[in-house]
Amino acid sequence: MKIRPLGDRVLVEPIEEKEQTVGGIIIPDSAKEKPMQGKVIAVGKKLDKDGNEVKFDVKAGDTVLLPKYGGTEVKVDDKKLQLVREEDLLGVIEK
Amino acid sequence: MKIRPLGDRVLVEPIEEKEQTVGGIIIPDSAKEKPMQGKVIAVGKKLDKDGNEVKFDVKAGDTVLLPKYGGTEVKVDDKKLQLVREEDLLGVIEK
Amino acid sequence: MKIRPLGDRVLVEPIEEKEQTVGGIIIPDSAKEKPMQGKVIAVGKKLDKDGNEVKFDVKAGDTVLLPKYGGTEVKVDDKKLQLVREEDLLGVIEK
Amino acid sequence: MKIRPLGDRVLVEPIEEKEQTVGGIIIPDSAKEKPMQGKVIAVGKKLDKDGNEVKFDVKAGDTVLLPKYGGTEVKVDDKKLQLVREEDLLGVIEK
Amino acid sequence: MKIRPLGDRVLVEPIEEKEQTVGGIIIPDSAKEKPMQGKVIAVGKKLDKDGNEVKFDVKAGDTVLLPKYGGTEVKVDDKKLQLVREEDLLGVIEK
Amino acid sequence: MKIRPLGDRVLVEPIEEKEQTVGGIIIPDSAKEKPMQGKVIAVGKKLDKDGNEVKFDVKAGDTVLLPKYGGTEVKVDDKKLQLVREEDLLGVIEK
Amino acid sequence: MKIRPLGDRVLVEPIEEKEQTVGGIIIPDSAKEKPMQGKVIAVGKKLDKDGNEVKFDVKAGDTVLLPKYGGTEVKVDDKKLQLVREEDLLGVIEK
């Protein structure tokens, strides 16, 4: 069973804060609740004004920086996932 | 008797939370009131700027993730339905 | 004497709630004040960017679902009518 | 002396409520202050994106339904007039 | 010394209320502070999307109706002037 | 050392109020804090939709009227400067 | 390990206030919390409407003026960085 994001949405599995410290990137104290890193699981489908599909700037497997606001949480098989519009993603962490 | 959604609206029959747990997807506690899954019953009719019909990304029978906000409830033959703009639908659950 | 709606407006005669229960569609409790069904009496006149007339998705005689917000009430010969922008109409009830 | 409305504005002379009851159209109680009928005195001048003049949907002499909000009052020779953007006019009363 | 308005702005010299009563046009009581008539002193410079200059609908010398809100006051040689965007001007008084 | 404004921004050095009275132009009492005249030090770089550079309506050396709101203050070598979007500048004072 | 900014975002490493005084540029008192200078570390990727890449107005190594509002803080290897949309950057300091 899987979720197919609609439109310009990206399905992201947030990464727990403990893992984040290992990787060397920490989100500041004032942003404890939601902002964090996540792993892209799936992307939606964007069309330009002529109806042609437009490539996403992120792909499944990418580690992304999630915005503090925006995005909606859903639970799948006990995993909390997030559906975030691509333009709200801040950056990609390249290792 | 049936409802034909207007414009980019999608008619959705929400799925009760009990069914949701069976399927393995649960909407988080903080979102008890409205957000949930639903089954698409009918889609409206979208036109591009040249007046050509544009296909919807969802179709009757799809199981969709409904947004917390947005959408309007109507009752038909004792069923509570929702009219939601397509761009507010979060994702499609594929089994 | 009649009212010609301007622009993308639709003139609608709301249907009393009693009639609504007969037909099998009931608007939920939390929406008692304004949202309801109505019968389209007249539509306005929409133009595309080249000045060509654009067809409305509803026509006189259609039974439509009215939005909770939006629309303006006027009284004609003791009938309370509503002027609603077409894009605010939710759906058409087909019998 | 006269006022030439600028842009998409329409100059309207509101019709007193007493006259309105005679004609059979009454604006509801909750809208006593401003919304009412008016007679169009003059229209402005609208241009499309190529600089060509665009016809107004109302003309001098038309009886129009004024919106509750929008429009600015001016006084000319002891008459209170209103300058209203055309797209805010609700409808035309045809007798 | 003079002010050249920038963009779609119009430089207007407001006309004192006493003069206004003489001319027969009075702004209503509820609008005592700012809205009034003014004389156009200079207009800015508007370009269309191809970079061609677009004519203003008002010209130096015109008597215009000023909006209640919008516009910025400046003082030049003891005269209080207003810089108002053209689309905020309500109408031109033609005598 | 100098600042290159980005986009449609203009770098302005505000002129002290004392100088303003000499020149004959005074900003009204209700606008003591920020609105005033300034001298343009540098302009940014604007592109049209085809990527061609678009000329600014003001140039270095111009005396401009600054808006009450908008603009950001920076200090360079003990001078307080302002970065203001060009479309927020009200006018140019020509002597 | 590095961060690749998404879309029109720029990754900036803020410069501590002490360094700022040395360089001669000081941000005013009323703006102590966030606004300051920063060094550009990386820029995102912007596309025009035809899908062609558009050059940024800033490049890695530039010293930029950061806006008071806008931008999101992230921590990488104990450095606090900011992700700021390019159009929110105020200017570039050229030495």
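In this numbering scheme, every chain counts its residues from 1 along its sequence in written order. Each chain takes a letter, starting from A, and each ligand takes a number, starting from 1, following the order in which they are written. At least 70 in pLDDT is required for a residue's local features to be given in this predicted model, at least 80 for side-chain atom pairs to be given and counted, and no such filter applies to totals for whole chains, interfaces and linings, which use all residues. Hydrogens and waters are ignored; side-chain quantities use all the structure's heavy atoms.

### Quick word on the overall build of chain A
Our working definition: Secondary structure counts use DSSP, requiring at least four H or I residues in a row for a helix and at least two E residues in a row for a strand, with both numbered from the N terminus. Categorising residues by exposure relies on relative accessible area from a 1.4 Å probe, with only protein chains included: less than 20% of the type maximum marks a residue as buried, more than 50% marks it as exposed, and the intermediate range marks it as partly exposed. Whether two residues are in contact is decided by their heavy atoms, any of which lying within 4.5 Å being enough.
Within chain A, the regular secondary structure consists of one helix and ten strands. Taken from N to C terminus, the helices and strands of chain A fall in the order β-β-α-β-β-β-β-β-β-β-β. Taken over 95 residues, chain A has a buried fraction of 46%. Considering only residue pairs separated by 6 or more positions, chain A has 66% of its internal contacts joining residues 24 or more positions apart.

### What about the interface of chain B and chain A?
The cut-off we apply is this: The term buried area means the drop in 1.4 Å probe accessible area that two parts suffer when joined, counted for both and summed. When a carboxyl oxygen of Asp or Glu is within 4 Å of a side-chain nitrogen of Lys or Arg, the pair counts as a salt bridge.
Opposite the 20 residues of chain B that make contact, chain A presents 18 residues. Between chain B and chain A, roughly 1,800 Å² of surface is buried when both sides are summed, and carbon and sulfur atoms account for 55% of that area. At the surface where chain B touches chain A, the tally comes to one salt bridge. Its salt-bridge partner being R4(A), residue E94(B) comes within 2.9 Å of it at the nearest N-O pair. Secondary-structure elements contributing two or more residues to the side of chain B that touches chain A are β3 (25-26) and β10 (91-94) of chain B. Take the side of chain B that touches chain A: its biggest share by element is four residues, from β10(B).

### Quick word on the packing of aromatic side chains
Note the following rule: Ring geometry is summarised as follows: Phe, Tyr and Trp rings, the Trp one being its six-membered ring, pair when their centres sit within 6.5 Å, and such pairs are stacked at plane angles under 30 degrees, edge-to-face over 60 and tilted between the two. Two thresholds decide whether a charge sits over a ring: the Lys NZ or Arg CZ must be within 6 Å of the ring centre and within 35 degrees of the ring normal.
Taken as a whole and judged by the stated rule, the model has zero aromatic pairs over all chains. The cationic tip of K46(D) hangs over the ring face of F56(D); the distance from NZ or CZ to the ring centre is 4.6 Å.

### As for the pairing of strand β8 (residues 72-76) of chain F
Residue and element names in this part refer to chain F. The condition is simple: We treat two strands as partners when DSSP finds at least two bridges between them.
Here β8 pairs with strand β9 (residues 79-85) via five bridges, running antiparallel. Looking at β9, one finds that V74 is bridged to L81. Where β8 hands over to β9, the hairpin turn is made up of two residues, of which D77 adopts a positive phi near 45°.

### Looking at the layout of surface pockets
This is how it is decided: Buriedness for pockets is judged along seven lines, at least five of which must meet protein on both sides within 12 Å for an open set on the 1 Å grid over protein atoms alone, while cavities are sets there where a 1.4 Å probe fits but cannot get out, and lining residues have an atom within 4 Å of a point. Grid points are joined across faces, edges and corners, and a volume is the space filled by probe spheres set on the points. Ten residue types, Ala, Val, Leu, Ile, Met, Phe, Trp, Tyr, Cys and Pro, are classed as nonpolar, four, Asp, Glu, Lys and Arg, as charged, and the remainder, Gly among them, as polar.
Of the voids in this model, the largest pocket is the one considered here, and its volume is about 1,700 Å³. Around the largest pocket sit 46 residues that line it, and D8(B), K46(B), L47(B), D48(B) and V54(B) are the ones nearest its centre. Contributing elements (two or more residues each) for the lining of the largest pocket: β5 (46-47) of chain A together with β5 (46-47) of chain B. Of the residues that constitute the lining of the largest pocket, the class distribution is twelve nonpolar, three polar and 31 charged.

### Digging into the confidence of the model for chain A
To keep things clear, this is the line we draw: pLDDT measures the predictor's confidence residue by residue and takes values from 0 up to 100.
With 80% of its residues at a pLDDT of 70 or more, chain A shows a mean pLDDT of 83. In this model, residues 29-35 of chain A is a region of pLDDT below 50 whose contacts with residues beyond four sequence positions or in other chains number eleven contacts.

### Examining a positive patch on the surface
Going by this rule: The patches described consist of residues with a relative accessible area above 30% and no salt bridge, like charges being joined within 9 Å and nonpolar side chains (Val, Leu, Ile, Met, Phe, Trp, Tyr) within 5 Å. Surface accessibility in these figures is a Shrake-Rupley result with a 1.4 Å probe; residues are shielded only by whichever protein chains are displayed. Charge convention: Lys and Arg are scored as positive, Asp and Glu as negative, and His as well as the terminal groups of each chain are ignored. Note on charges: their place is set at NZ of Lys, CZ of Arg, CG of Asp or CD of Glu.
A cluster of basic residues, K49(C), K49(D), K49(E), K49(F) and K49(G), forms a positive patch on the protein surface. Counting through the fold element by element, K49(C) comes out in the loop between β5 (46-47) and β6 (53-54).

### Description of the interface of chain B and chain C
Stated precisely, the cut-off is as follows: For this analysis, a polar contact is any N or O atom pair within 3.5 Å, provided that within protein one partner can donate a hydrogen and the other can accept it, and provided that sequence-adjacent residues contribute only side-chain to side-chain pairs.
Taken together, the contact pairs 18 residues of chain B with 19 residues of chain C. With both sides pooled, the region where chain B packs onto chain C buries about 1,800 Å², and carbon together with sulfur makes up 56% of that total. Scanning the region where chain B abuts chain C turns up one salt bridge. Connecting chain B to chain C are seven residue pairs in polar contact (both at pLDDT 80 or more).

### Here's the deal with the side chain of D62(G)
With respect to the secondary-structure elements, D62(G) resides in the loop between β6 (53-54) and β7 (63-65). For D62(G), a relative accessible area of 10% translates into the label buried. In contact with D62(G), not counting residues within four places along its chain, are R4(F), G38(G), K39(G), V40(G), D57(G) and V92(G).

### Focus on the pattern of salt bridges
Taken as a whole and judged by the stated rule, the model has 29 salt bridges over all chains. R85(B) is the partner of D8(B) in a salt bridge, and the nearest nitrogen-oxygen pair spans 3.0 Å. With D8(B) in the loop between β1 (2-5) and β2 (9-14) and R85(B) in strand β9 (residues 79-85), this residue pair connects regions lying 77 residues apart in the sequence. By relative accessible area, which is 22% here, D8(B) ends up partly exposed. Using a relative accessible area of 28% as the deciding quantity, one classes R85(B) as partly exposed. Between K59(F) and D62(F) there is a salt bridge, with the nearest N and O atoms lying 3.1 Å from each other. On the accessibility criterion, K59(F) (53% relative accessible area) is exposed. Taken together, the shared-partner salt bridges in this structure form one network comprising K2(E), R4(E) and E94(F).

### Notes on the environment of A60(G)
All names here are of chain G. Mapped onto the elements, A60 comes out in the loop between β6 and β7. Taking the C-alpha atoms as reference points, A60 and V43, 17 residues apart in sequence, are found 7.1 Å from one another. Beyond its immediate sequence surroundings of up to four residues, A60 is in contact with V40 and I41.

### Section: the pairing of strand β2 (residues 9-14) of chain C
Residue and element names in this part refer to chain C. Among the six residues that make up β2, five are buried, leaving the element largely enclosed by the rest of the structure. Pairing between β2 and strand β9 (residues 79-85): four bridges, direction antiparallel. Along β9, the bridge assignment pairs V12 with Q82. Two strands pair when backbone bridges link them, and β2 and strand β4 (residues 37-43) are joined in this way by five bridges, in the antiparallel orientation. Paired with E13 across the strands is K39, a residue of β4.

### With respect to the environment of P14(D)
Residue and element names in this part refer to chain D. Considering the arrangement of structural elements, one finds P14 in strand β2 (residues 9-14). What makes P14 buried here is its relative accessible area of 16%. For the pair formed by P14 and T72, sequence separation is 58 residues and the distance between their alpha carbons is 12 Å. Once residues lying within four places of it in the same chain are set aside, the contact partners of P14 are M36, Q37, G38, L66, K80, L81 and Q82.

### So, the environment of V74(B)
Within the element layout of this structure, V74(B) appears in strand β8 (residues 72-76). Among the residues examined, V74(B) registers a relative accessible area of 2% and is labelled buried.

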